[in-house]
Amino acid sequence: MGGEAYIDYWQLLGPQRFLDQVLSTIGVQTGSCILLCRPLHAPVGLAHALQVRSRSAQLGCSHLEFRTILQIDPTKEPFAELCRVLGIDEAECEDIPALLGHQRAERKLLYIDLADDSTLWARWKEFLPQYAHANRARPVANRSPICMVVSGRVCQAAKLLDDVALQVRYEYGVCDLNDITVYAARRLHQWDLTPLQRR
């Protein structure tokens, strides 16, 4: 499947609702960090879909600058890695609250995809709840939530971290039969859709 197919997937009603649930958790009404548990071999394009959808003012994320962190250095501690990504000198920030208060860190939505990398997860699993609670303690308009994506075996460990500051969401059962039918019709260009499915 090409890029067009993946764009179509995130335009379906089920995936759109999933995106909205994720962004509503991150947005100003809640301001929580989030762990997204995805199936292995899930459709690509999630980061782009979230970035585009986050511009919708009604979801409360439009004030956040979306930053996708594509390369995580497995040799660095998470605190040092965030400083590097945000262009902040570690010497300027003695701890996580100081990092979150730095002007280069404020009002960011940090998208980090660990996939099913258990080595990276081992480094981040202790840091992430600490970051989430420090972020939750800040004024909601100045928070910088992390949206961390994991899959496979890591999902089993991730679900244990679910709390008010770090919420866990699952991308399972997102599509219903109508979504699958509409998706197949778009890809095959030959199926007839009912009026409901066209809407």
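Everything below is about the structure shown above.
**Brief notes about the sheet that holds strand β5 (residues 166–170)**
So, step 1. Taking strand neighbours across the sheet as the criterion, the 5 strands line up as β2-β3-β4-β1-β5 in an open arrangement whose pairing is parallel. The two strands at the open ends of the sheet, each matched to only one other strand, are β2 (65–69) and β5. Strand-to-strand, the axes of this sheet are offset by a mean angle of 20°, without reference to chain direction.
So, step 2. Sheet analysis places strand β1 (residues 33–38) next to β5, joined by 5 bridges and oriented parallel. Residue pairing across strands places L35 opposite V168, the latter belonging to β5.
So, step 3. Lying on the sheet, helix α2 (residues 13–26) is in contact with β1, β3 (108–115), β4 (146–151) and β5; it crosses β1 at an angle near 155°.
So, step 4. Against the sheet, helix α3 (residues 46–53) makes contact with β1, β2, β3 and β4, and its axis sits at roughly 175° relative to β2, the strand it touches most.

**Examining unusual backbone geometry**
So, step 1. Positive phi, close to 65°, is recorded for H41, a residue that is not glycine.
So, step 2. Here H41 lies in the loop between β1 and α3.
So, step 3. Residue classification places H41 among the exposed positions, given a relative accessible area of 81%.
So, step 4. A positive phi angle is found at R107, which is not glycine, with a value near 55°.
So, step 5. The residue R107 is located in the loop between α5 (96–101) and β3 in this model.

**So, the packing of aromatic side chains**
So, step 1. This model, assessed by the stated rule, comprises 5 aromatic pairs.
So, step 2. For the pair W124 and F127, a centre-to-centre distance of 5.6 Å together with 90° between the ring planes defines the contact as edge-to-face. On the criterion of helical spacing, the pair formed by W124 and F127 is a turn pair, its members being 3 residues apart in helix α6 (residues 118–136). Taken as a pair, W124 and F127 share a single burial class, namely buried.
So, step 3. For the ring pair Y170 and Y172, a centre distance of 6.3 Å and an interplane angle of 40° mean the geometry is tilted.
So, step 4. Cluster of aromatic residues (ring-pair linked, three or more members): W124, F127 and Y131.

Analysis parameters
Residues numbered from 1 in each chain as written. Predicted model: local features only at pLDDT ≥ 70, side-chain atom pairs only at ≥ 80, totals over all residues. Heavy atoms only, no water. Pairing = 2+ DSSP bridges. Helix = DSSP H or I, 4+ residues; strand = E, 2+ residues; numbered from the N terminus. Axes fitted to C-alpha atoms, helices over the stretch in contact; angles between N-to-C directions. Contact = heavy atoms within 4.5 Å. Buried < 20%, exposed > 50% of the residue type's maximum accessible area, 1.4 Å probe, protein only. Phe/Tyr/Trp six-rings, centres within 6.5 Å; stacked < 30°, edge-to-face > 60°.

Any link to function would need more than the numbers given here.
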